[in-house]
Amino acid sequence: MIRCEYHCPRALGEALGLKAAVPGARVIAGGTDLMVRLRSRELAPAALISLRRIPELAGVREEQGGARIGAATTFTDLLDDPVVARDYPVLARAAARVGSRQIRNAGTVGGNLANASPCADSALPLLALGARVRLERSGGSRELPLDDFFLGPGATALAEDEILTAVILPPPDIGARALFLKKGRVKMDLAVASVAVLLSMDGPVCRKVRVAAGSVGPVPLRLREVEALLEGAAPTPERTARAAEVAMRCVAPITDVRSTADYRRHIVGVYLRRALESLLGREAA
Amino acid sequence: MKGDYVGQSLVRLDAEDKVCGRATYPGDFEMEGMAWMKILYAGRPHARVRGVDCAKAEALPGVLAVLTSRDVPCNEYGLQYPDQPVLCGPCDKEGADEVRFVTDQVAAVIAETEAIAEQALGLIEVDYEDLPAIFDPRQALEPDAIRLHPAYPGTPIHPELVFEFNVASRHRIRRGDVESAFEQADVIVESEYEIPGQEHAFLQPEAGLGYLDEQGRITVIAAGQWAHEDRAQIAHAMALEPEKVRVVYPAIGGAFGGREDESVQILLALAAQKVERPVKIVWSREESIVARYKRHKVYARARWAARKDGTLLAAENHVVADAGAYVYTTNKVMGNLLLTCNGPYRIPNVKTDVLGVYTNNLPKGAFRGFGAPQGNFIAESQMNKLAEKLGLDPVELRMRNLINPGEPMPWGSELPDDARGLKDSLEAVAERLGWSRDESGYRAPAKAARAGDPPHIVRGVGLAIGHKNVGFSFGYQENAWAGMELRGRGDEPEEGLVFAASSDVGQGTRTVIRQMAAEALGLPVEKLRVEPTDTAITGSSGSCSASRMTFMIGNAVRGAAEAVLARWREGQRPARAEHTYLAPKTTQIDGQTGAGDPNFSYGYVAAGVELELDTELGTYRFPRVICANDVGQAINPRLVEGQVEGAVIQALGWVSSEHFIERDGVAQTTTLSTYLVPTIADIPGEIETILIENPEPHGPWGARGMGEMPFIVVAAAVQHALRQAAGKWVDDFPFTIERVLRALKQER
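Engineer: In this structure, what is going on with the sheet that holds strand S6 (residues 125-130) of chain B? I would like to understand it.
Structural biologist: In a beta sheet, neighbouring strands are held together by backbone hydrogen bonds and run either parallel or antiparallel to one another. Residues and elements named next belong to chain B. The sheet built from three strands is open, its strands ordered S4-S2-S6 with antiparallel pairing. This sheet does not close on itself; its edge strands, each paired only once, are strand S4 (98-99) and S6. Sheet topology places strand S2 (residues 47-53) next to S4; two bridges connect them, and they run antiparallel. Considered in S4, the bridge of Ala47 is made with Val99.

Engineer: So what exactly am I meant to see when it comes to the domain arrangement of chain B here?
Structural biologist: Interfaces are often sized by the amount of accessible area the parts lose when they come together. Each domain of chain B was delimited in the assignment, giving domain 1 (15-22 + 473-582), domain 2 (31-131) and domain 3 (298-472 + 591-747). The distance between the C-alpha centroids of domain 1 of chain B and domain 2 of chain B comes to 40 Å.

Engineer: What is the right way to read the pairing of strand S7 (residues 161-164) of chain B from this model?
Structural biologist: For a regular strand, side chains alternate in direction, first toward one face of the sheet and then toward the other. Residue and element names in this part refer to chain B. Of the two faces of S7, the one lined by Leu161 and Phe163 is fully buried and the one lined by Val162 and Glu164 carries no buried residue. Pairing geometry for S7 and strand S8 (residues 167-175), over two bridges, is antiparallel. Bridge assignment links Leu161 to a residue of S8, and that residue is Ser169. If you look at the hairpin formed by S7 and S8, you'll find two residues sitting between the two strands, and Phe165 has a positive phi there, around 50°.

Engineer: When you look at the packing of helix H15 (residues 637-655) of chain B against helix H17 (residues 714-726) of chain B in this model, what are you seeing that I'm missing?
Structural biologist: Each pair of packed helices can be summarised by the angle the axes make with each other and by the distance between the axes. Residue and element names in this part refer to chain B. H17 packs onto H15 with a crossing angle of 55° between their chain directions and a minimal axis gap of 9 Å. By the criterion of interaxial angle, the relationship of H15 to H17 is oblique. Along this stretch, H15 crosses H17, giving a crossing that reads as right-handed. Along the contact surface, H15 presents Val648, Ala651, Leu652, Trp654 and Val655, while H17 presents Val714, Ala715 and Val718. Its residues placed into classes, the contact of H15 with H17 shows eight nonpolar, no polar and no charged.

Engineer: What should I look at first to understand the sheet that holds strand S12 (residues 193-202) of chain A in this one?
Structural biologist: All names here are of chain A. Overall, antiparallel pairing links the four strands, which are arranged S11-S12-S13-S14 in an open sheet. Two strands bound the open sheet, and with one partner strand each, they are strand S11 (176-183) and strand S14 (221-222). Of the strand pairs in this sheet, strand S13 (residues 205-214) and S14 are connected by two bridges, and their pairing is antiparallel. When the bridges of S14 are listed, Ala212 appears paired with Arg222. Against the sheet, helix H12 (residues 261-279) makes contact with S11, S12 and S13, and its axis sits at roughly 150° relative to S11, the strand it touches most.

Engineer: Explanation requested: unusual backbone geometry in the structure shown.
Structural biologist: Glycine aside, residues mostly have negative phi, and peptide bonds are mostly found in the trans state. Note the cis peptide between B:Arg573 and B:Pro574, where omega equals -15°. Counting through the fold element by element, B:Pro574 comes out in the loop between helix H14 (549-570) and strand S24 (575-582). With an omega dihedral of 10°, the bond running from B:Phe733 to B:Pro734 counts as a cis peptide bond. The phi torsion at A:Ser215 lies on the positive side, around 65°, for a residue other than glycine. Here A:Ser215 lies in the loop between S13 and S14.

Engineer: Is there a simple way to explain the pairing of strand S2 (residues 25-28) of chain A in this structure?
Structural biologist: Looking at chain direction, S2(A) and strand S3 (residues 47-50) of chain A are connected through four bridges and run parallel. Opposite A:Arg26, over in S3(A), you have A:Leu48 as the bridge partner.

Conventions and cut-offs
Residues numbered from 1 in each chain as written. Chains lettered and ligands numbered in written order. Predicted model: local features only at pLDDT ≥ 70, side-chain atom pairs only at ≥ 80, totals over all residues. Heavy atoms only, no water. Pairing = 2+ DSSP bridges. Helix = DSSP H or I, 4+ residues; strand = E, 2+ residues; numbered from the N terminus. Domains from an automatic or database assignment. Buried < 20%, exposed > 50% of the residue type's maximum accessible area, 1.4 Å probe, protein only. Axes fitted to C-alpha atoms, helices over the stretch in contact; angles between N-to-C directions. Parallel < 35°, antiparallel > 145°, perpendicular 65-115°, else oblique. Left-handed = near helix turned anticlockwise from the far one by under 90°. Contact = heavy atoms within 4.5 Å. Nonpolar A, V, L, I, M, F, W, Y, C, P; charged D, E, K, R; others polar.

Shown next, in the form of structure tokens:
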């Protein structure tokens, strides 16, 4: 049994006030990651502040041509959302691969990012889509590119008094297509490795490429070297194969209970090539 | 033989309660004044317990009692042979002071709350003398190995329990002369297999409540597979008459063989007696995984020989199984492995040795298939390899060698006359997989890549067939009890009560009992009630294992119905009767040659597997699995299909994602996030169930046992399909990514 102080504020201001006032308090939304660590007694926070009853944190809405996703939006909400389906389908595809239906009903985008696991399924498409995160505290707020949010396993740029309140997506890139590929040991599993690729063509050459890889480093990784190799170049089969090699070199996986470093690296290479070939219409992923 | 109720897919009695969360499982029971119990495990694989000091634990406020070895009147138990202490520690029983695996139990704390009990565990001081340990059964056979158990005298009931040094059980078949047969062979296939263990992973972890009932009887509510055997083992350990003990089964969340041996029952009874209050225990998932026995891991060498035309000449199998720290049901599991590892084939020369060997690993015991999955894998892998080496179609090779009804099996007794199911199920599976047949025999479909497959996807098809006994064998007089009561005043009974001690472990036994009772009584099913499984009100219906329950209890129900109807017609009100069905006799098998008549009934089954392999990633999935099973007569076809689908999925888990790892006697896969059971998202695209109904002459309405059959043939069929897709025979499974990639690499 877990015993600790529990707050369930009804407004964001109240939540921010509590976060500043109660030292050692942790924010909880769906609890799908946090509860596991509480139950195993890995964490024993002084208090929990729930974000589940705060209306402004839930749901997706269009904002400045792009979209704002409230931090407490569940994966099920994302899957059902028409804006996501129309403008950011890769995000829906990743949301569909999170856990089971029950986990998707509870787990939230904000929680997935703030938990800062290298395998966070939503982080990869969001990195590829160029998302930013909004961090708020009592009396102030700031925005960061998602790339700068992750500092290490379980570590983020959030200050002690801050709460992650929203994910901001830029307007959809017309003509860009994106894919998310994930390998778990079984279907309902954390990623052994995963890849998200966004590709926009300008005639025969790649105009824009974004590549992110999960479970192969201390944080969800942007593979900028791979992006640079492809942007402005014709994505011949030789070049996509080369991109896969570079991707395998850029990642830094570890061996743990779920897989080996070698196999994770191997998956990244295979998935990157397949994602590119598929986005180019040359091969099924 | 179909009837008004037999052969009809009635909705399960417990369906609504389970879906709505109303069903009460052992962990759901609470009583006034209830205390909690927690168990102290040894945490070392092999040690002598020199002493246990409970003073600090007993002094903790809220602790009611601490049980140790000296609190157990007869400190031993075991379904087949009592070689395990209830609590390890000094007492008057020789060898009971030894811990032989890491979760051997040393003490139990009973306290006001679960938290206090857990806290008190940490205050118990145990003085251990660590001893050298053995974790590989092959090393336990070495002449310089240490001996893990005293020299037990054994028992004439189980002559295969030889207790020769670390060999707990030994089985043999000797028929003909294999050596000269190998000299005449055109083709020989030799293999070494490593067949893994498996965790039962039933949904409901072990739990229960012990208390003294209104008659002062020591009562245990728990989940098991044979209530009267639980009662007997509790009574034995407590040195009581069985009548002083009562065992009640509520809803049970799965078993698969994993509840055949005792878990919490004996300690709950001891605790309730000690504190004279109700005592409850609920194991965590981790406890359930680390503190219970598993399927046997098996190391096998096989050498089979055939003539050019496919005629089998000889089979030589040498099998060493890890029995773990205690016998449990190892001797009988090995008996079934012995009878299945040569397949259902006409082989004139057979030499088989099967050893069940003690180690300091977790004990190994009953698990769906009970030795047949391992035995069948050896036989069917050998057959698929022989077919390939001979250039013969695998279906054709089997058809040429199948034992015909009336012909002797390797142990001498004849395949029953009703055994058409072997051929029928193989034919059905082959046909669905696209096999054709002409004057030259059976022919596999041409291998065609599917349109739209990317280059990294390759496909394979595999198949296997098998048979396994129904019911307890090897000379045990199989029996099952049922009782009935008809109530009412007029000519027609208004209400009927059915009594049976059958464990409904989730397969729907109680539903099927009700259907069979309605059929036998000629009464509407709505008028019948199946009474709870409770040793206070029923005789023994035997174990819910060996695919036996429907077969055995159905016959008992028929007999009881006949008797109660006769009394009703005589005017008895309420009319009461009971009946004990005795199955046809079997015999022990000869210790040197294996000769005997060990079984009275068999189930027959075949499986076909379509596998899709990603050659780059080494991963695979199953678009389609076909299982044909001769069930004699499906009493409730929908429930039978559920058994087939469940068994197929459970077996696919065993060969693919489930990987039970023990390192130096310590389980490494202790949660369901490291021990990966297939979920609904991992199951085959399609499971096609074919029910074949060749009536079993002794079965009720022609029904035949079936609960284990679909499990046993899956592994060899998958290996066969993987061979085609990956280009290599992989002889050790689970077929992990690493093993598949290695096979692919070697192929290139």
